[in-house]
Amino acid sequence: MDFARHFQSQLDALKSEGNYRTFAELERRCGAFPRADRHGGPEVAEVTVWCSNDYLGMGQHPDVVAAMVKTVQACGTGAGGTRNIGGNTVQHRALEVELADLHGKDAALLFTSGYVSNWAALSTLGSRIPNAVIFSDEGNHASMIEGIRHSRADKVLWKHNDWRDLDRKLHATGDRPKIVAFESVYSMDGDIAPIREIVEVCEAHGALSYIDEVHAVGMYGPHGGGVTEERGLADRIDVIEGTLGKAFGCMGGYITGSTALVDFIRSFASGFIFTTAIPPAVAAAATTSIRHLKASGEERAAQRANVALLRKKLDRIGIPHLANESHIIPVMIGDPVKCRMISDILMQDWGIYVQPINYPTVPKGTERLRLTPGPHHTEADIDKLVTALGALWNRCAISHAVA
Ligand SMILES: *Cc1c(COP(=O)(O)O)cnc(C)c1O
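Criteria and thresholds
Residues numbered from 1 in each chain as written. Predicted model: local features only at pLDDT ≥ 70, side-chain atom pairs only at ≥ 80, totals over all residues. Heavy atoms only, no water. Near = heavy atom within 4 Å. Polar contact = N/O pair within 3.5 Å; in protein donor to acceptor, adjacent residues only side chain to side chain. Areas by Shrake-Rupley, 256 points an atom, 1.4 Å probe, with all protein chains shown as cover. Helix = DSSP H or I, 4+ residues; strand = E, 2+ residues; numbered from the N terminus. Nonpolar A, V, L, I, M, F, W, Y, C, P; charged D, E, K, R; others polar. Expected span 1.5 Å × (residues − 1). Buried < 20%, exposed > 50% of the residue type's maximum accessible area, 1.4 Å probe, protein only. Domains from an automatic or database assignment. Buried area = accessible area lost by both parts, 1.4 Å probe. Salt bridge = Lys/Arg side-chain N within 4 Å of Asp/Glu carboxyl O. UniProt positions renumbered as here; feature names shortened; annotations may be inferred. Axes fitted to C-alpha atoms, helices over the stretch in contact; angles between N-to-C directions. Parallel < 35°, antiparallel > 145°, perpendicular 65-115°, else oblique. Left-handed = near helix turned anticlockwise from the far one by under 90°. Contact = heavy atoms within 4.5 Å. Pairing = 2+ DSSP bridges.

Overview of the site of the ligand
- If you check the shell around the ligand, you find 13 residues, and the closest are Gly114, Asp212, His215, Thr243 and Lys246.
- Asp212 places a side-chain nitrogen or oxygen 2.6 Å from a nitrogen atom of the ligand.
- Within the contact set of the ligand, an oxygen atom lies 2.9 Å away from a side-chain nitrogen or oxygen of Lys246.
- Here the ligand has 370 Å² of accessible area as a free molecule, and 83% of this is covered by the chains.
- In terms of residues, the shell around the ligand owes the most to one element, helix 4 (residues 114-128), which gives three residues.
- Across the shell around the ligand, the residue classes tally to two nonpolar, eight polar and three charged.

Below you can see the structure in the form of structure tokens.
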């Protein structure tokens, strides 16, 4: 086989569809967020970032930075091993205690990322519960899909956010162990699941409920415990999964649940057992970030105000954006080439960085810009973005029709 030719032809196909991915090369500047330097162009240029998942800027919070620096200086860089062989530190344990408390659960377990936590937890549940069936919302994230696939358990897809469809499908399955996997905030449309109804359906069928709160932890609920905290439903869900890499501004993922369930995953999940633990300094920074957002609602309030303001200003000039209850503002373009072109022009002419979101992250024909206003964007930043989008809308002949 001519491997090189195969690789090149696959890449050429992506390019001709407009779906070839290029990364912006940023240099983040601590304390200046959402400003960053962009490399890779003719010269280094300052940009304002409008698509970060460091939703609240916690990755640059002085207390979080100080915790990481202090721990690196005290303990060094890496963990030095898996949790089982030399890599289990006081910082890991403290973080797990903090996470269990955040979600009102008995126990928590850390992973190297949110992706790994979903993959490892679902693949272990699906493979180690005999005869299990996993009911997966059709909008679920790739990490859950891959975990379910790897488990080799039977999988039933249910219509996105449609608890009646879930109910019917659970009913039709009969007397087998059932696991229901879904998300709270879906990150591309920004819609939020009808969690109460889903939980009630799970309870009626004795199903184990598993929720991904990756885009909600730190962001919703009086202590940042996610939408399940906001809606008073955390204690009715068996597994709450989250990340330390988005609103908490660090890196790593986790699950929380009962002592027995967490001990079961800890004891059987390959994706937990056979990999080096996250650095103690990262764990310490994450703990500091979680504690801060438990006590402070200031960042969440400022962020929400900016979301509302940006939406209002987009409405005023007729830029269509998907309505939802969350902090994510999808501006629909519906064409991969235009989406990339707009993103390029925003970067080059306006110093605005919004990554185009194309297939396979979203279905073809729903290409979009995904805006994530944070507490540190100023009104001048918002005005500049809206002005730029208004100018581009006319120049690129994009529909003003609401998606
Ligand atoms: C980002 C994401 C993950 C993965 O989390 P990481 O910590 O980035 O690996 C899991 N689920 C959803 C819904 C996500 O958007």
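Right, picking up where we left off after that structure.
Let's talk about helix 13 (residues 336-350)
- With 15 residues, helix 13 should reach 21 Å at 1.5 Å per residue; the first-to-last C-alpha distance of 20 Å fits that figure.
- All of the buried residues along helix 13 are Pro336, Cys339, Ile342, Ser343, Ile345, Leu346 and Met347.
- One side-chain oxygen of the residue at the start of helix 13 lies 3.0 Å from the amide nitrogen of Val337, identifying that residue as Asp335.
- Directly after helix 13, the chain includes Gly351, whose backbone phi takes a positive value near 65 degrees.

A few points about the domain arrangement of the protein
- Considered domain by domain, the protein is made up of domain 1 (9-49 + 297-401) and domain 2 (61-295).
- Measuring from the centre of the C-alpha atoms in domain 1 to the corresponding centre in domain 2 gives 28 Å.
- When domain 1 packs against domain 2, the two sides together hide about 1400 Å² of surface, and 47% of this comes from carbon and sulfur.
- Taken together, the links from domain 1 to domain 2 amount to two salt bridges.
- In this structure, the salt-bridge partner of Arg231 is Glu325, at a minimum N-O distance of 3.6 Å.
- At the surface where domain 1 touches domain 2, the tally comes to eleven residue pairs in polar contact (both at pLDDT 80 or more).
- For the side of domain 1 that touches domain 2, the secondary-structure elements that each account for two or more residues are helix 12 (298-316) and strand 14 (368-371).
- Element by element, the count of residues in the side of domain 1 that touches domain 2 is highest for helix 12, at four residues.

Digging into the UniProt feature "domain: Aminotransferase class I/classII large" (unreviewed entry) in the protein
- With numbering matched to this structure, UniProt assigns "domain: Aminotransferase class I/classII large" (unreviewed entry) to residues 46-389.
- As annotated, residues 46-389 has a helix share of 44% and a strand share of 15%, and its two end C-alpha atoms lie 19 Å apart.

Points about the packing of helix 3 (residues 90-102) against helix 11 (residues 280-295)
- Viewed as axis vectors pointing N to C, helix 3 and helix 11 meet at an angle of 30 degrees, and their least axial separation amounts to 8 Å. On the basis of their axis angle, the class for helix 3 and helix 11 is roughly parallel. Seen along the crossing, helix 3 lies across helix 11 with a hand that is left-handed. Residues Gln91, His92, Ala94, Leu95, Glu98, Leu99, Asp101 and Leu102 of helix 3 form the contact with helix 11, whose own contacting residues are Pro280, Ala283, Ala284, Ala286, Thr287, Ile290, Arg291 and Lys294.
- Looking at the contact of helix 3 with helix 11 residue by residue, the classes come out as nine nonpolar, three polar and four charged.

Some thoughts on the pairing of strand 1 (residues 25-28)
- Where strand 1 and strand 2 (residues 35-39) come together, four bridges link them in antiparallel fashion. The partner of Glu27 across the bridge, within strand 2, is Asp37.
- Here strand 1 folds back onto strand 2, and the loop between the two strands holds six residues, one of which, Gly31, carries a positive phi near 100 degrees.

Concerning unusual backbone geometry
- Omega for the peptide link from Phe33 to Pro34 comes to 15 degrees, which places this bond in the cis form.
- Here Pro34 is to be found in the loop between strand 1 and strand 2.
- Cis peptide bonds are those with omega within 30 degrees of zero, and the linkage from Tyr359 to Pro360 qualifies with 5 degrees.
- Positive phi, normally seen in glycine, also occurs at Arg152, with a value near 65 degrees.
- As for its placement among the helices and strands, Arg152 is situated in the loop between helix 5 (142-151) and strand 6 (154-158).
- With relative accessibility at 77%, the residue Arg152 sits in the exposed group.
- A positive phi is found at Asn161, a non-glycine position, where the angle reads about 65 degrees.

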